[in-house]
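If you want the building blocks of each chain, they are given just below.
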Amino acid sequence: MGCPRRKALSVLLILVPVYLHGASSQRASPAGQRKPCFERLRRLEERINFWRFQEVTSTHLRDLASSYNLSYSIDAWFQSLARETQAVALAMNHSQATVQGDLSHLKTWMQKTRRRSRKVESRVLALGAALSERDKQCSQEGKGQQEHRAALSGLALDLRALQDTLARLTHLVQGQGARLAALEGRLQGPSPGTVAPGLTPARPLTPPGLPSPSSPMLQRGRQELRAPPETGDAPQDPAGRLQGTRAPPGPGGQWAWPPEKAGETCDVGPVLVFPNASTQNVAFLSSGFPWGLRALSVCSWVRTASGRLGTLLSYATEEKDNRLVLRGRDSLAPGSTYLVIGDPASRELPLQPLLDGRWHHVRVIWMSTLGRYWLHMDRGLVATSSRFREGYKIPVGGSLVLGQEQDSMGGGFDSSEAFVGSMAGLAIRDRALVPREVAKLATGREVLGGAILTLDDAQWGGGFMQRVNCSCLELCP
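Naming follows an unreviewed UniProt entry, where the protein appears as Pentraxin-4 of Ursus maritimus. Recorded in UniProt for the protein, the comment headed Cofactor (unreviewed entry) runs: "Ca(2+)".

See the structure below:
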């Protein structure tokens, strides 16, 4: 719009002086009688005025040209500024998308960090409880050792007294032997090696009330004096060497039965083998529990192939993980396992015999109405406790896996939490088994029905897991 107007104004400024010059010449033409000098002066004045007007016009034209160049530069600058603004807007959009992605990643990481921090807190609490329990046991063992040392010191004093008594008796016996030899020398007999008729060989005299030197009590005393017992050795129970009898109870006060004979655990179904600690070695049990559970019984034959247990079973939902977990960690004592029902509530279970590389039958039973759990292994009760998740209900709609712990529903696996070994005869029931059923399962010769999930429902993809069919567990590779 500005350029056409400027051109029209410049043309008008050029034409106006020309028109005025023509008009003045027309007015002057009739006055031919004016003098030549004045005519020349008039023409000179007109020319001067024309030159002045031309100079003013050229000055205006130069100003217009400079203004045009400036406007053209301003238009180019505005176009460049528009392009830069568009580039900045694109960069802002890209940076906003990047920041949103980083925020979502940071949110996911914070959620995982919170879950792991809760797990670490539960582990710290459990470790604190375990340390306090061990301190109590150590104090009790220390008291027992003090009593044992006191008893041993009393026995040593008795042995010293017996040794002094034996020394006195030996001196008396030697004196009586000398008197007897003197009496025998005075006797006359038919031969030096015979005894006179009517006499019997005399025995060494002993003071009344003391045992004779040849008595069994003094013989045992001499043997004990030759080999005194050490304070660090524990007395052996001969009953523990009898076949078919139970060993004495351990620190937990539970009786342990001897292992079954080889070849007796048969017809327990397929065997699921977890060969190594990999996040791919995971078995999913259908779609989890079909309904909410207020009672639970988990029974399975287990054989480990490493020095730790790992995670046997894990159940998680979208809202929360660790709804039900049986896991062992490197931070725990070897063979110890956490039973978690509704994180963070947990109990530590002693399953040290599982580390011997043999088959063992493990049964975990829990009742919400009583808030009580029982842990059976083979033919003995290992642990039990009350006030554990009383009134709690394990929800439906979760993911149930074997061999790994879930940090999120169906995922979040860690190779350090993997189970390495074999499982067989897994059966999960929605009720608590009665003692008669537990006794039948302990023998390994009877399979109970009514299980809501078994190894037949297990599915897995990838990894190096195997499903093996063995007639008896002891024959499995």
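1. Some points on the overall build of the protein
When helices and strands are counted, the protein shows four helices and 15 strands. Every one of the 477 residues in the protein was classed for burial, and the buried ones make up 30%. Sequence-distant contacts in the protein: of pairs separated by 6 or more residues, those separated by 24 or more amount to 69%. A total accessible area of about 30400 Å² is found for the protein, and carbon and sulfur atoms account for 58% of it.

2. A look at the packing of aromatic side chains
For any pair of aromatic rings, the description rests on two quantities: the centre-to-centre distance and the angle between the ring planes. Applying the stated criterion across every chain, the model contains four aromatic pairs. Relative to Tyr315, the ring of Phe289 has its centre 4.5 Å away and its plane inclined at 45°; by these criteria the two rings are tilted. Remark: Tyr315 occurs in strand E4 (residues 311-316) and Phe289 occurs in the loop between strand E2 (283-285) and strand E3 (295-304); sequence separation between them is 26 residues. Summarising the burial analysis for this pair, Phe289 and Tyr315 share the class buried. Between the aromatic rings of Tyr373 and Phe388, the centroid separation amounts to 5.7 Å while the plane-to-plane angle is 70°, which identifies the pairing as edge-to-face. Remark: Phe388 occurs in the loop between strand E10 (380-385) and strand E11 (399-402) and Tyr373 occurs in strand E9 (residues 372-377); sequence separation between them is 15 residues. Looking at Tyr373, the relative accessible area reads 4%, which means it is buried. Judged by relative accessible area, which is 1%, Phe388 ranks as buried. The ring of Tyr392 carries Arg389 above its face, with NZ or CZ at 4.2 Å from the centroid.

3. With respect to a nonpolar patch on the surface
On the surface, a nonpolar cluster with roughly 610 Å² of combined accessible area is contributed by Phe38, Leu41, Leu44, Ile48, Phe50 and Trp51. As for its position among the elements, Leu41 is in helix H2 (residues 36-186).

4. Remarks on the state of the cysteines
In protein chemistry, a disulfide is the covalent bond that joins the sulfur atoms of two cysteines. In the structure shown here, the tally under the stated rule is two disulfides. Disulfide partner of Cys470: Cys476, at an S-S distance of 2.2 Å. The same class applies to Cys470 and to Cys476, which are both buried.

5. Details of the pairing of E3
Burial analysis of E3 places ten of its ten residues in the buried class, the great majority of the element. Of the two faces of E3, the one lined by Ala295, Ser297, Cys299, Trp301 and Arg303 and the one lined by Leu296, Val298, Ser300, Val302 and Thr304 are each fully buried. Two strands pair when backbone bridges link them, and E3 and strand E8 (residues 360-367) are joined in this way by eight bridges, in the antiparallel orientation. Each residue of the ladder has a partner; that of Ala295, found in E8, is Met367. Taken together, the seven bridges between E3 and strand E12 (residues 421-429) define a ladder with antiparallel strand orientation. Looking at E12, one finds that Cys299 is bridged to Ala427.

Rules used throughout
- Residues numbered from 1 in each chain as written.
- Predicted model: local features only at pLDDT ≥ 70, side-chain atom pairs only at ≥ 80, totals over all residues.
- Heavy atoms only, no water.
- UniProt positions renumbered as here; feature names shortened; annotations may be inferred.
- Helix = DSSP H or I, 4+ residues; strand = E, 2+ residues; numbered from the N terminus.
- Buried < 20%, exposed > 50% of the residue type's maximum accessible area, 1.4 Å probe, protein only.
- Contact = heavy atoms within 4.5 Å.
- Areas by Shrake-Rupley, 256 points an atom, 1.4 Å probe, with all protein chains shown as cover.
- Phe/Tyr/Trp six-rings, centres within 6.5 Å; stacked < 30°, edge-to-face > 60°.
- Lys NZ or Arg CZ within 6 Å of the ring centre and 35° of its normal.
- Patch = residues over 30% accessible without salt bridge, like charges linked within 9 Å, V, L, I, M, F, W, Y side chains within 5 Å.
- Salt bridge = Lys/Arg side-chain N within 4 Å of Asp/Glu carboxyl O.
- Disulfide = S-S within 2.5 Å.
- Pairing = 2+ DSSP bridges.

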